[in-house]
Amino acid sequence: MAGSFDIVVIGGGPGGYVAALRAAQLGASTAVVEKDRLGGTCLVRGCIPTKALLQSSELYSLAKAGAPFGLVIDHLGFDWGMAQKRKTAVVDQLVKGVEGLLKAGGVTVVKGDAKLAGKGVVEVSGERLQAKDILIATGSAIARIPLKGAELTIDSDQILELREVPKRLAVIGGGVVGMEFAAMFAALGCKVTVLEMLPQVLPMVDADLVTAYAKHLASLGGEIHTDSKVAEVVKHKGALQVRFSTGAEGGSVDADQVLLAVGRVPYTLGLDAEKAGVKLERGRVVVDAQLRTTAQGVWAVGDVIGGIMLAHIASYEGVCAVENIAGHADRTPDYHAAPNCIYTEPEIAHVGLGEKEAKEKGIEVKIGRFPFAASGRALTLGQSEGFVKVLADAGSGKLLGAHIIGPRATDLIAEATLAIQNGLTLEQIDLTIHAHPTLPESLMEAALAAQGRAIHVANRRSALPARPSPAGAATLPAGAQAKVPVTANVQNREQQMVAPVKPPTTPPSPAVISANSLELNKGNRDFLLGLHRQMQLIRRFEERAQEQYTKAKIGGYCHLNIGEEATVVGGILALKSNDYIFTSYREHGHAIARGVDPKAVMAELFGKETGTSHGRGGSMHMFDQSLRFMGGYGIVGGHLPLAVGGAWAVKYRQEKDVVFCMFGDGATNIGAFHESLNMSKVFDLPVVWFCVNNRYGMGTPVEAASAVADIYKKACAYDMEAIQVDGMNLREVMLRTSEVVEKTRADSQPRFIEALCYRFKGHSVVDPDKYRSNEDKEKFRKADPIVAFEHELEKSGLADEEYFKSVRQEVDAQVRDVVQYADDSPDPKPEDLYKFTYAGEWDDRPELRAEPI
Ligand code: FAD
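Residues numbered from 1 in each chain as written. Predicted model: local features only at pLDDT ≥ 70, side-chain atom pairs only at ≥ 80, totals over all residues. Heavy atoms only, no water.

Caption draft 1: Layout of the overall build of the protein. In terms of regular secondary structure, the protein is built from 26 helices and 30 strands. Taken over the C-alpha trace, the protein has a radius of gyration of 30 Å; the compact-globule value for 853 residues is 29 Å, and the two agree within 12%. Taken along the three principal axes of its C-alpha coordinates, the protein extends 100 × 70 × 60 Å. Counting over 853 residues, the protein shows a buried share of 55%. Summarising the internal contacts of the protein: among those between residues at least 6 apart in sequence, 69% fall at separations of at least 24. Carbon together with sulfur atoms contributes 54% to the accessible area of the protein, which is approximately 35,500 Å² in total. Averaged over its 93 positive side-chain charges, the protein has a centre that lies 2 Å from the centre of its 104 negative ones. (Helix = DSSP H or I, 4+ residues; strand = E, 2+ residues; numbered from the N terminus. Rg over C-alpha atoms; globule rule 2.2 N^0.38 Å. Buried < 20%, exposed > 50% of the residue type's maximum accessible area, 1.4 Å probe, protein only. Contact = heavy atoms within 4.5 Å. Areas by Shrake-Rupley, 256 points an atom, 1.4 Å probe, with all protein chains shown as cover. Lys, Arg positive; Asp, Glu negative; His and termini not counted. Charge placed at Lys NZ, Arg CZ, Asp CG, Glu CD.)

What follows is the structure, given as structure tokens:
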């Protein structure tokens, strides 16, 4: 069908058909050429069919877990054929819908394969269409890699047409497409194994969200192998086998189907683009800021131009392009608020800046988190896994990023997207009335948490001392406008409660800690150097705390764990984000390792309002509910029974979390220790006892105070699996702890780890430290865990002295800031001294409060 149009769009996907509809609205005579079905990849092979099937798998999971909701199901089965039928019906309905919209909009639809055939001419099956402007929206195609045995694999199109659910599915590629199929099939009872070449699946997602997702997949029996390069796929014993290597080690996975999901590439086959003067670069059509190609009158949008390959981005670009063509606007696409949704179980969605990105760009941010476990709506839904995290500019409070994992995360992201697009602040979000009970309340709470004002979780930190923020306009992303920083002498106490937080210092963990992820090789470099920096930070923090104590800025006692950094970092970073930590009163380093802001920790030691417990815990009690960090308890060993209580709660709720209880050798001679171990064993509680045997007891070397110098043997007496590890060796502590914790997660059996180390300090800062010989002290100092780790890193070529020096300087500056922050922070008001003493319980219940002193 020949004809003449203002605009001819090639490709009827979400980029093309939306552009055509907008062009028609603007009065342009428009045609869209489509060689397959209208709706493109999105409607026919992508977004829609996958989500229709994911709805089936989600429903199945919900029904399986339906008993506590009152569901009585005699036999629950899954009919894949029926789910496929429904998927097809949904797709057909939407494709028809697009046909109807185009017809109603007056857009001419031309069926066939289009190519560019000279200036202003598009040729379709020999027919010529004249166009003033041409818009290329030909999308993308499945990427292929030269993999031995690739012909045995299936791709994302073929997996949608499977006749049955495979018993075992291997997924090569941990991107969005791979992970969505992994989630779908794992929920249907298929044993899923994911193989990803990079250190993290879903590399564009913040590490803490990925860890939470990996945990869920693991609970369904799924496995993720990162840093794993697939070598070949072969036929094996009537099925398939994927062979891969992780570092120097080889591995294999048996599977009935292997999905190859290694990405998509722009599609221009048969378009004769270059002949028409359209420049291509590695297959993608090159466009300028307004979406013009290098050929006059030819524009391009969507997957074919690369960048963010998502349906809503294609549509957005389509609208921008035709508005530019029609001259109604001069639109430059702005991607700073482009949301990304991943329909795994639980769902993941994010928009704007991530933590790592903020750090790399040197933007000082404050972060707020809110767990769905504290959301009324999530609990009524029975879907309380996950959390909302927001990042805002520390100075202006402008929302820069939002990251959600949990129920309907993909819907929840809309509010944050609107806020980021329009430069709204945390305060503007929390001043907006959110209906109750709803999931979006969680975004409001996260916004409040970032300001130290969350209502439904305890706050990690609060009041910003009156100091101008170092984050001025220069640190904001392009397009964002800086507001006046929080000024000095703010009268309103609420307004004072704004704390700038440096990007967290906790290094992102690999989804699974393994010998491979701890190997001293380049692939693990960032992670290992992150661990080293963390140890240095804790060391320097403690050294400075000691100085501050001698200046009488810290009240009561100050207990330091200098020398124990390998046990602290190795032990705590081996845990998952949902695990609980119950620890002793020597916990500043423990809190920092868990991700608590060092500023809030120092402020707590100083007894300031901005501290983790608003200055009420002092040097003894650090607490952060959102990080599941249950800090110290004044009585030696008194927190062991509390850990038993915590583990009971986990067991009772049938969660898969582990309670990690850290204590020193001084706690192992008391009744509470024995009773706690006994009870945990008798009732099969998921607790890992972690004894930091620093050989300093309560002022007595343990070998002098106890008949059994090897403390782990005490646990053997309760028929408990127990090991002893070298607590001066970071990698050993981390690997062994991770193994033990994961075993406990799997079978809910208590286990015991004794980490043999040496603390350089006595019981407290003022301890004269006479009970060790100078030779002993000298000997152990030589085994300094940080120095030992530096030697390992240096020997393997991952870092050198120059690097260590720069880390020391950087950490030194950071800790200087930390002390300054604590110095500048306000004291609690005398009339508020009873506030916050019991996790906020007193706040709303004045009748519980004593008269002010
Ligand atoms: P396409 O949708 O690929 O459309 C291009 C169209 O052009 C096709 O219909 C093609 O037949 C036609 N065409 C190509 N060449 C010619 C020619 N020469 N002549 C005529 N017609 C031609 N994105 C999301 O945002 N959310 C999701 O949940 C999501 N899930 C996905 C799941 C899967 C399994 C896959 C594969 C993709 C998913 N995507 C998702 C990505 C999304 O589908 C694409 O980003 C989106 O479809 C791109 O739109 P487009 O218009 O640029 O290209």
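Read on, since the account is not over.
Caption draft 2: Geometry of unusual backbone geometry. That bond from E345 to P346 is cis: its omega, -5°, falls within 30 degrees of zero. Considering the arrangement of structural elements, one finds P346 in the loop between strand 19 (340-342) and strand 20 (347-352). That bond from H436 to P437 is cis: its omega, -10°, falls within 30 degrees of zero. Mapped onto the elements of the fold, P437 is located in the loop between helix 12 (426-430) and helix 13 (441-450). Even without being a glycine, K237 presents a positive backbone phi close to 45°.

Caption draft 3: Seen up close, the sheet that holds strand 20. The strand order across the open sheet built from five strands is 19-20-23-22-21, with neighbouring strands paired in antiparallel fashion. A strand with exactly one partner marks an edge of an open sheet, and here the two such strands are strand 19 and strand 21 (365-371). Between one strand and the next, the sheet's axes are offset by a mean angle of 10°, whatever the strand orientation. Alignment of strand 20 against strand 23 (residues 399-406), held across six bridges, turns out to be antiparallel. (Pairing = 2+ DSSP bridges. Axes fitted to C-alpha atoms, helices over the stretch in contact; angles between N-to-C directions.)

Caption draft 4: Just the pairing of strand 2 (residues 30-34), in detail. Extensive coverage of strand 2 is indicated by the burial of five of its five residues. Of the two faces of strand 2, the one carrying T30, V32 and E34 and the one carrying A31 and V33 are both buried. Strand direction decides the pairing type here: strand 1 (residues 3-10) and strand 2, joined by four bridges, are parallel. Bridge pairing in strand 2 places V9 opposite V32. Since strand 1 and strand 2 lie parallel, the crossover through helix 1 (residues 14-25) that links them has a hand, and here it is right-handed. (Right-handed = clockwise from strand over helix to strand, strands pointing away.)

Caption draft 5: Here's a closer look at the site of the ligand. The immediate surroundings of the ligand are formed by 38 residues, with G15, E34, T41, K51 and A311 found nearest. T41 is positioned with one of its side-chain polar atoms (N or O) 2.5 Å from an oxygen atom of the ligand. L310 places a main-chain nitrogen or oxygen 3.3 Å from an oxygen atom of the ligand. Elements represented by at least two residues in the shell around the ligand include exactly helix 1, strand 2, helix 2 (40-44), helix 3 (47-64) and helix 8 (311-326). A breakdown of the residues in the shell around the ligand according to their chemical character gives 15 nonpolar, 14 polar and nine charged. (Near = heavy atom within 4 Å. Polar contact = N/O pair within 3.5 Å; in protein donor to acceptor, adjacent residues only side chain to side chain. Nonpolar A, V, L, I, M, F, W, Y, C, P; charged D, E, K, R; others polar.)

Caption draft 6: The side chain of T668, seen in detail. Structurally, T668 is set in the loop between strand 27 (659-664) and helix 20 (671-682). A distance of 2.7 Å separates a polar atom in the side chain of T668 from the backbone oxygen of D665. Those residues in contact with T668 that sit more than four places away from it in its chain are F663, F673, H674, C691, I711 and K714.

Caption draft 7: Representation of the packing of aromatic side chains in the model. Taken as a whole, this structure holds eleven aromatic pairs when the rule is applied. Judged by centre distance (5.8 Å) and plane angle (70°), the rings of F663 and F673 are edge-to-face. One end of the pair, F663, is in strand 27; the other, F673, is in helix 20, with ten residues separating them in the sequence. For the pair shown, F663 and F673 are each scored as buried. Ring centres of Y758 and F760 lie 6.3 Å apart, and the angle between their planes is 45°; on these two criteria the pair is classed as tilted. Judged by its relative accessible area of 1%, Y758 is buried. (Phe/Tyr/Trp six-rings, centres within 6.5 Å; stacked < 30°, edge-to-face > 60°.)

Caption draft 8: Focus on the pairing of strand 12 (residues 239-246). In terms of burial, strand 12 is a largely internal element, six of the eight residues being buried. Between the end of strand 11 (residues 228-236) and the start of strand 12, which pair antiparallel, lie two residues, with K237 showing a positive phi angle near 45°. Sheet topology places strand 12 next to strand 13 (residues 249-255); seven bridges connect them, and they run antiparallel. Across the sheet, the residue bridging to F244 is G251, located in strand 13. From the end of strand 12 to the start of strand 13, which pair antiparallel, there are two residues, and G247 there has a positive phi angle of about 60°.

Caption draft 9: How the structure looks around the state of the cysteines. For the structure shown, the criterion picks out zero disulfides. For the unlinked cysteine C661, the closest cysteine sulfur is that of C691, found at 10 Å. Judged by relative accessible area, which is 0%, C661 ranks as buried. With no disulfide of its own, C691 lies 8.6 Å from the sulfur of C757, the closest cysteine sulfur. For C691, a relative accessible area of 0% translates into the label buried. (Disulfide = S-S within 2.5 Å.)

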